[in-house]
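# Structural overview for review
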Amino acid sequence: MPRLTAAVALLALWSGVRAAQDPLDWWKTTTVYQIYPLSFKDSNGDGIGDLRGILDKLDHVKDMGAGAIWINPFFRSPLEGYGYDITNYCDVDPVFGTIADFDELLAKAKGMDIKVILDLVPNHSSDKHEWFIKSTQRVDPYTDYYVWHDGKVNDAGQREPPNNWIATISGSAWTWSDARQQYYLHQFGVNMPDLNYRNTLVREEMKKVLRFWLDRGVDGFRVDAVPHLLEDSQFRDESLSNTPGLPPTDYGYLVHTYTANVPETYDLIREWRALLDSEYTNQDQHTRLMMTEAYATVEQTMAYYGNATHPGSHLPFNFNFIQYLNGYSKAPDYERVVHSWLDNVPAGMTSNWVAGNHDQRRVSTRFGTFMRDSINMMVTLLPGTAITYYGEEIGMVDADIGGDPSAPERTPFQWDDSTSAGFSTNTSTWLPVNTNYKELNLKLEAATDRSYYHVYQKLMEARQSPAVQRGSVNTHALGDTVFTFSRELEGADSFVVVAHVGDNPETIDLSSVYPALPDNLLVHTSNIESVYAPGSTVPKNAVYLNWKDALVLTTK
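Summary of the structure given here. Just so we're clear, the structure is a prediction, and the values are computed from it rather than from any experiment.

The rules behind each value
Residues numbered from 1 in each chain as written. Predicted model: local features only at pLDDT ≥ 70, side-chain atom pairs only at ≥ 80, totals over all residues. Heavy atoms only, no water. Helix = DSSP H or I, 4+ residues; strand = E, 2+ residues; numbered from the N terminus. Rg over C-alpha atoms; globule rule 2.2 N^0.38 Å. Buried < 20%, exposed > 50% of the residue type's maximum accessible area, 1.4 Å probe, protein only. Lys, Arg positive; Asp, Glu negative; His and termini not counted. Charge placed at Lys NZ, Arg CZ, Asp CG, Glu CD. Phe/Tyr/Trp six-rings, centres within 6.5 Å; stacked < 30°, edge-to-face > 60°. Pairing = 2+ DSSP bridges. Core = buried A, V, L, I, M, F, W, Y, C linked by side-chain atoms within 4.5 Å. Contact = heavy atoms within 4.5 Å. Axes fitted to C-alpha atoms, helices over the stretch in contact; angles between N-to-C directions. Polar contact = N/O pair within 3.5 Å; in protein donor to acceptor, adjacent residues only side chain to side chain.

## Remarks on the overall build of the chain
Summing up its helical and strand segments, the chain has 17 helices and 23 strands in all. Relative to the 2.2 N^0.38 estimate, which gives 24 Å for 556 residues, the radius of gyration of the chain is 24 Å and therefore close to what a compact globule would have. Its C-alpha atoms put the chain at 80 × 55 × 50 Å along the principal axes. Expressed as a percentage of the 556 residues in the chain, the buried residues total 57%. Charged side chains in the chain number 45 positive and 71 negative. The centres of these two groups are separated by 4 Å.

Okay, here's the thing in structure tokens:
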């Protein structure tokens with residue numbers, strides 16, 4: 001929520017901004033930097049990233065221009081599900097360090113004015129969690145902490161799952177427990193049983209988790225797998241999707257009416273938001289942020305915002321760039337995807353932009369290396385909060401690591417050209433370092449005049465401008481090959497992003513789409529292959545664009 005006490009200072013800072021505008025809260029204009037702790041920095045030479053590694057590299061977060069870090073799970077876990085299988089929500093797994101390490105990390109981040117956001121993984125625990133072990137034994141009060149069912153007996157007299165629900169990783173979402181003589185629900189892996197949020201005791205347990213970390217000083221949470229938190233209480237079968245070619249074990253084989261985004265899920269999100277607001281934000285006027293992960297329809301996603309009376313998520317993740325765009329997309333596709341979000345955000349709510357994460361192929365891999373600057377320009381200069389996955393600031397690409405196909409985008413950060421790319425002193429790392437690390441690393445890019453990293457830093461600089469933080473957005477598709485948008489605010493310098501998505505060079509005229517802007521524009525940022533260097537002047541009616549070029553132009 002906006003801090004009214006900061007209004008005078010903010011209005012003084014932004015000369016030319018009308019006094020009637022409200023101040024912007026920290027999360028509305030920041031860039032959130034997602035850190036996958038296993039792969040960010042190893043501080044002790046065991047080949048695995050840890051909390052002290054993050055602490056040691058906070059200077060990089062500051063240097064790149066991000067204002068917040070979101071750290072993926074580091075809680076106690078057997079690490080059979082990359083840390084999303086938790087056995088203790090209120091402790092640090094020894095692989096990552098200690099709770100004292102976390103406290104030191106948090107203190108240093110606060111001293112650098114970097115907000116810290118944690119992953120909350122509330123849908124399920126590990127099957128090795130004490131709660132689940134006691135639940136299988138019917139030990140109260142844990143008996144109904146998970147979703148259990150007797151199943152049903154078929155015509156052949158055989159017991160089978162209660163319905164046709166399918167796990168997200170394929171196969172039945174139900175597994176038989178010999179110990180309990182019932183089926184338990186797991187919408188993810190068999191080792192990650194779903195918690196039962198129809199049990200008020202479970203709801204209170206998760207509130208205790210929220211308070212534990214909030215009391216330590218964290219600035220918010222990214223809530224994992226939100227659509228799956230609750231399910232149909234009648235356990236009804238889901239209908240077939242009739243998608244051609246899908247086997248009956250595939251998650252897409254069914255329409256998930258009863259296992260995803262059910263009405264009670266929105267109530268639970270509003271309940272957690274109420275805790276953040278009433279017990280913390282409203283007490284000291286510092287917003288504790290809630291970001292929610294939901295791959296869902298536009299209508300379902302927007303509903304997670306809640307409303308003014310009953311607010312929900314501050315930022316339901318906008319996965320449009322991930323779900324609907326790739327290296328073959330044309331300019332009208334970009335414009336359509338941008339507006340499919342902007343035109344549906346409820347009044348008074350803040351947008352956000354995401355192009356990659358730990359579950360998706362990297363931007364440079366999905367869109368092609370020549371598009372990495374273009375996508376970063378869009379993510380960082382469209383209205384609202386930007387989220388950057390570690391490594392995107394230097395243009396990292398997926399590695400060919402073999403084995404687990406879900407991990408190519410999770411390889412260690414490439415800090416320099418030393419042993420294991422500077423990630424670890426150990427030559428053996430939990431995932432192999434990408435073999436391109438000697439040519440693609442932060443140290444090299446920081447020392448090179450024109451690099452992906454310097455482009456990213458310039459974009460972070462532009463994000464501080466009044467037009468980007470408060471201005472209008474106007475989008476245009478110039479044929480199939482050029483997507484452009486402007487950020488404009490009366491009394492402030494305007495910015496224009498021009499992204500060429502075609503295969504052939506061309507010269508374009510921006511006069512008709514931006515008639516009010518000056519005839520000559522200044523290059524604020526350009527992709528590293530562009531003929532235009534930052535600081536050069538470009539005539540508005542004759543902007544040359546090579547294959548996949550991208551520019552940020554300004555009126556300054």
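Continuing now.
## Here's the deal with the packing of aromatic side chains
Evaluation of the coordinates by the stated rule reveals 34 aromatic pairs. Taking the centre distance of 5.6 Å and the plane angle of 75 degrees together, the rings of Trp 131 and Tyr 145 count as edge-to-face. In this pair, Trp 131 sits in helix H7 (residues 130-136) while Tyr 145 sits in the loop between H7 and strand S6 (148-149), placing the two residues 14 residues apart along the sequence. The residues Trp 131 and Tyr 145 share a single accessibility class, namely buried. Seen in terms of ring centroids, Tyr 197 and Trp 272 are 5.9 Å apart; in terms of plane orientation they differ by 80 degrees. Their pairing is edge-to-face.

## What to know about the sheet that holds strand S1 (residues 31-35)
The sheet built from eight strands is open, its strands ordered S13-S12-S11-S5-S2-S1-S15-S14 with parallel pairing. With partners counted over all chains shown, the strands left at the sheet margins are strand S13 (315-316) and strand S14 (352-354), one partner each. Sheet analysis places S1 next to strand S15 (residues 385-389), joined by four bridges and oriented parallel. When the bridges of S15 are listed, Tyr 33 appears paired with Thr 388.

## Quick look at the nonpolar core
Of all hydrophobic cores here, the largest spans 75 residues; its most connected members are Tyr 33, Ile 69, Phe 74, Phe 102 and Trp 272. By residue number, the principal contributor to this core is helix H9 (residues 263-284), which donates seven residues. Once residues within four sequence positions are removed from consideration, Trp 272 is found in contact with Leu 120, Pro 122, Tyr 197, Met 206, Lys 207, Leu 210, Val 223, Leu 229 and Met 290. In terms of nonpolar packing, the next biggest core, distinct from the first, is built from 38 residues, Ile 375, Val 379, Leu 459 and Val 501 among them.

## What to know about the sheet that holds strand S23 (residues 550-554)
The strand order across the open sheet formed by six strands is S16-S17-S18-S23-S20-S21, and the pairing between neighbours is antiparallel. Edge positions in the sheet fall to strand S16 (472-478) and strand S21 (537-539), since each has one partner strand and no second. Averaged over all adjacent pairs, the angle separating strand axes in this sheet is 30 degrees, with direction ignored. Taken together, the three bridges between strand S20 (residues 520-526) and S21 define a ladder with antiparallel strand orientation. Paired with Leu 521 across the strands is Val 538, a residue of S21. On top of the sheet, helix H12 (residues 331-342) reaches S16 and strand S17 (482-488); it is set at about 155 degrees to S16, its chief contact. Here helix H16 (residues 452-462) sits on the sheet in contact with strand S18 (495-500), S20 and S23, set at roughly 125 degrees to S20.

## Quick word on the environment of Tyr 389
On the secondary structure map, Tyr 389 appears in strand S15. Judged by relative accessible area, Tyr 389 falls into the buried class, the value being 1%. Residues Tyr 389 and Arg 410 lie 21 residues apart in sequence; the distance between their C-alpha atoms is 10.0 Å. Beyond its immediate chain neighbours, meaning those up to four positions away, Tyr 389 contacts Tyr 33, Gln 34, Tyr 36, Gly 356, Asn 357, His 358, Arg 362, Glu 409 and Arg 410.

## Some remarks on the environment of Asp 237
Counting through the fold element by element, Asp 237 comes out in the loop between strand S11 (220-223) and H9. According to the relative accessible area criterion, Asp 237 is partly exposed, its value standing at 43%. Not counting the four nearest positions on each side in its chain, Asp 237 is found in contact with Asn 163, Asn 164, Trp 165 and Tyr 258. Reaching out from Asp 237, the side chain makes a polar contact with the backbone nitrogen of Asn 164 at a distance of 2.9 Å.

That's the geometry; what it means functionally is another story.
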